[in-house]
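# Observations on chain architecture
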Number of protein chains: 2
Amino acid sequence: MGRWEPNARGRLEEAAMNLFQERGYDRTTVEEIAARAGLTERTFFRYFADKREVLFWGAGELRKLIVSTIVEAPEETSPLDAVAAALEATAPVFKERREYARARQALIVAHTDLRERELIKLAGLASAAADALRGRGVTEPAASLTAEAGIAVFKVAFERWVGDPKSQDLSRHIRTTLDELKAVTASTGTSTANPRQPAKRAKAPRR
Amino acid sequence: MGRWEPNARGRLEEAAMNLFQERGYDRTTVEEIAARAGLTERTFFRYFADKREVLFWGAGELRKLIVSTIVEAPEETSPLDAVAAALEATAPVFKERREYARARQALIVAHTDLRERELIKLAGLASAAADALRGRGVTEPAASLTAEAGIAVFKVAFERWVGDPKSQDLSRHIRTTLDELKAVTASTGTSTANPRQPAKRAKAPRR
DNA sequence: TCCTTGATGTCAGCTACTGACATCACCTTC
DNA sequence: GAAGGTGATGTCAGTAGCTGACATCAAGGA
């Protein structure tokens, strides 16, 4: 556990996850995390901007993946389909670490602090996706709206994937959730006109 | 400035806003806010759970308004229309305090901390709206999706309202943004099938 | 007048986070 | 292979957000 052991970041990340699960997120101090990784508190903060960030480090990679998928989508692909493809492209990342993702999600839903951080990361993904769409010539506000709608789909789909005992693929959840969104937004007339029809209840695919 | 002046909460809120604008959010300490309101730091934390919360206190009222609007919507109203109506119902709240809303928004966009808090408040509104929809018999995942989509619309519409030099009504922005969302989600086939048509670019209403 | 109650103050303390500076392992260069 | 440079780490002191425990004070009722 000498001063120059390799992979300090990884050690910190692992120590943090272990401690969070053993004693809970807020009963774990940064000093303890660092100690378990054989480092000092000060060094922890050189790798992670704050205590929460140790759980959200991966977002940068997701962002790149999403942006590149949108950028490289065939020109004829509609904005919403491009975003959907980008979200689906992230599925393998989670599939490989399903148990980690599940444990992490359990921590997040239990702690408001962490939920805040997750939401701003998702918002960051939405904004990156909107940028990429604008790069394809999509104008505002369609770009932002499409990106935000995509993220809304992702949120719901991800929750269902995490809780899905059958472990269906995340991209399947994304596709069905997107279809649900389309159904929900298509079920009435223009909002500026009076709705002409009684609510058509969306058929929920079994949960 | 005696110990028992009335409206401690209001004084704290006002002192905070003033100081944030004078010297910036993070160069203002809670102690300073309390001092300007003629109180102590400890008392500040009895009214607000944390420093950020002083800017988000109103969310509880918004939540009630949104929920009651959804609950009281005519039975035939579609879920999305009910949510849209609920969002529009909040417009007067902001209209009365347009300048305050603008100043507050400027602070929020400039500080990541505050953006995080705003996002979790919006997520809270979405979840309350989803509850209300379920109370109307809407099943999952349609309820969550409709609520999330509504919040996405609100985010975009609110940004545009804040930046709109013509000061059009917020509810107008909400309606047009909702129409944009419908256009965006309607422009392609089902995501489970291959998109049959080249992207139909959404017509962006002049910005 | 006394007593209860609720709002406020005081104080001590923890923890997240930061700036400044020292130290150490390793690598290059002569 | 000694000297010096470089980047990662440690040390230390300090600030600010936030909390628990307890004291104090104003107001209203018995």
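Calculation notes
- Residues numbered from 1 in each chain as written.
- Chains lettered and ligands numbered in written order.
- Predicted model: local features only at pLDDT ≥ 70, side-chain atom pairs only at ≥ 80, totals over all residues.
- Heavy atoms only, no water.
- Helix = DSSP H or I, 4+ residues; strand = E, 2+ residues; numbered from the N terminus.
- Buried < 20%, exposed > 50% of the residue type's maximum accessible area, 1.4 Å probe, protein only.
- Contact = heavy atoms within 4.5 Å.
- Expected span 1.5 Å × (residues − 1).
- Core = buried A, V, L, I, M, F, W, Y, C linked by side-chain atoms within 4.5 Å.
- Salt bridge = Lys/Arg side-chain N within 4 Å of Asp/Glu carboxyl O.
- UniProt positions renumbered as here; feature names shortened; annotations may be inferred.
- Axes fitted to C-alpha atoms, helices over the stretch in contact; angles between N-to-C directions.
- Parallel < 35°, antiparallel > 145°, perpendicular 65-115°, else oblique.
- Left-handed = near helix turned anticlockwise from the far one by under 90°.
- Nonpolar A, V, L, I, M, F, W, Y, C, P; charged D, E, K, R; others polar.
- Phe/Tyr/Trp six-rings, centres within 6.5 Å; stacked < 30°, edge-to-face > 60°.
- Lys NZ or Arg CZ within 6 Å of the ring centre and 35° of its normal.

Within chain A one finds ten helices and zero strands. Helices and strands in chain A line up, N terminus first, as α-α-α-α-α-α-α-α-α-α. Across the 207 residues that make up chain A, the buried fraction comes to 51%. Taking all contacts inside chain A whose residues are at least 6 apart in sequence as the whole, residues at least 24 apart take part in 62%.

The terminal C-alpha atoms of helix α1 (residues 8-23) of chain B, which comprises 16 residues, lie 22 Å apart, in line with the 22 Å expected from a rise of 1.5 Å per residue. Looking at α1 of chain B, one finds that the buried residues are Ala 8, Gly 10, Arg 11, Leu 12, Glu 13, Ala 15, Ala 16, Met 17, Leu 19 and Phe 20 of chain B.

Our next topic: the environment of Ser 127 of chain B. Counting through the fold element by element, Ser 127 of chain B comes out in helix α8 (residues 112-135). Linking Ser 127 of chain B and Ala 143 of chain B, residues 16 residues apart in sequence, is a C-alpha distance of 9.2 Å.

Further remarks concern the nonpolar core. Formed by 78 residues in total, the largest nonpolar core has its most connected members in Ile 70, Phe 154 and Leu 170 of chain A together with Ile 70, Phe 154 and Leu 170 of chain B. With near-sequence residues (within four places) excluded, Phe 154 of chain B lies in contact with Leu 87, Thr 90, Phe 94, Leu 122, Leu 170 and Ile 174 of chain B.

Going through the model one piece at a time under the given rule, you end up with 30 salt bridges over all chains. With a shortest N-O distance of 4.0 Å, Glu 116 of chain A and Arg 52 of chain A are connected by a salt bridge. Within this pair, whereas Glu 116 of chain A is found in helix α8 (residues 112-135), its partner Arg 52 of chain A is found in the loop between α3 (41-47) and α4 (59-72), the two being separated by 64 residues in sequence. Three or more residues joined by partner-sharing salt bridges are found here, namely Asp 50, Arg 52, Glu 53, Glu 116, Arg 117 and Lys 121 of chain A together with Asp 50, Arg 52, Glu 53, Glu 116, Arg 117 and Lys 121 of chain B.

For helix α10 (residues 170-186) of chain A, which comprises 17 residues, the first-to-last C-alpha distance of 24 Å matches the rise-based estimate of 24 Å (1.5 Å per residue) to within 8%. A large share of α10 of chain A lies buried, amounting to twelve of its 17 residues. Of all the residues in α10 of chain A, the buried ones are Leu 170, Ser 171, His 173, Ile 174, Thr 177, Leu 178, Asp 179, Glu 180, Leu 181, Lys 182, Val 184 and Thr 185 of chain A. At its buried positions, α10 of chain A is contacted by α5 (79-89), α6 (91-96) and α9 (142-163) of chain A together with α5 (79-89), α9 (142-163) and α10 (170-186) of chain B.

Let's shift gears to the UniProt feature "DNA-binding region" (unreviewed entry) in chain A. In the UniProt entry, the feature "DNA-binding region" (unreviewed entry) is given for residues 29-48 of chain A. Structurally, residues 29-48 of chain A comprises 70% helix and 0% strand, and the distance from its first C-alpha atom to its last is 14 Å.

Below, the discussion takes up the packing of α5 of chain B against α9 of chain B. Residues and elements named next belong to chain B. At a minimum axis distance of 9 Å, the contact between α5 and α9 shows a crossing angle of 40°. Relative to α9, the element α5 is oriented oblique. The handedness of the crossing between α5 and α9 comes out as right-handed. For the pair formed by α5 and α9, the contact residues are Pro 79, Leu 80, Val 83 and Leu 87 on the first element and Thr 146, Gly 150 and Phe 154 on the second. A class-by-class count of the residues in the contact of α5 with α9 yields five nonpolar, two polar and no charged.

Moving on, we come to the packing of aromatic side chains. Both the distance between ring centres and the angle between the ring planes are used here to describe each pair of aromatic rings. As enumerated under the stated definition, the model contains 16 aromatic pairs over all chains in all. Arranged with centres 5.3 Å apart and planes meeting at 80°, the rings of Phe 44 of chain A and Phe 45 of chain A form a pair that is edge-to-face. Owing to a relative accessible area of 34%, Phe 45 of chain A belongs among the partly exposed residues under this scheme. Ring plane angle 45° and centroid distance 5.3 Å describe the contact between Phe 44 of chain A and Phe 48 of chain A, whose orientation is recorded as tilted. For the pair shown, Phe 44 of chain A and Phe 48 of chain A are each scored as buried. Following the ring pairs from residue to residue traces out a cluster consisting of Phe 94, Phe 154, Phe 158 and Trp 161 of chain A. Here Arg 9 of chain B stacks its cationic end above the ring of Phe 48 of chain B, 5.2 Å away from the centre of that ring. Directly above the ring of Tyr 25 of chain B sits Lys 51 of chain B, whose terminal nitrogen or CZ lies 4.3 Å from the centroid.

A separate point is unusual backbone geometry. All names here are of chain A. Cis geometry is found at the peptide bond from Glu 140 to Pro 141, where omega equals 0°. Inspection of the secondary structure puts Pro 141 in the loop between α8 and α9. Positive phi values are uncommon outside glycine, yet Asn 7 reaches one of about 60°. With respect to the element layout, Asn 7 can be found in the segment before α1 (8-23). A relative accessible area of 55% means that Asn 7 is categorised as exposed.

All names here are of chain B. The N-to-C vectors of helix α4 (residues 59-72) and α8 enclose an angle of 25°; their axes lie 9 Å apart at closest approach. Taken together, α4 and α8 sit at an angle that is classed as roughly parallel. Where α4 crosses over α8, the two elements pack in a sense that is right-handed. Where α4 approaches α8, its residues Ala 59, Leu 62, Arg 63, Ile 66, Val 67, Ile 70 and Val 71 are matched on the opposing element by Lys 121, Gly 124, Leu 125, Ser 127, Ala 128, Ala 129, Ala 132 and Leu 133.

Once that is clear, we can look at the side chain of Glu 88 of chain B. With respect to the helices and strands, the residue Glu 88 of chain B is situated in helix α5. Exposure remark for Glu 88 of chain B: the relative accessible area of 19% places this residue in the buried category.

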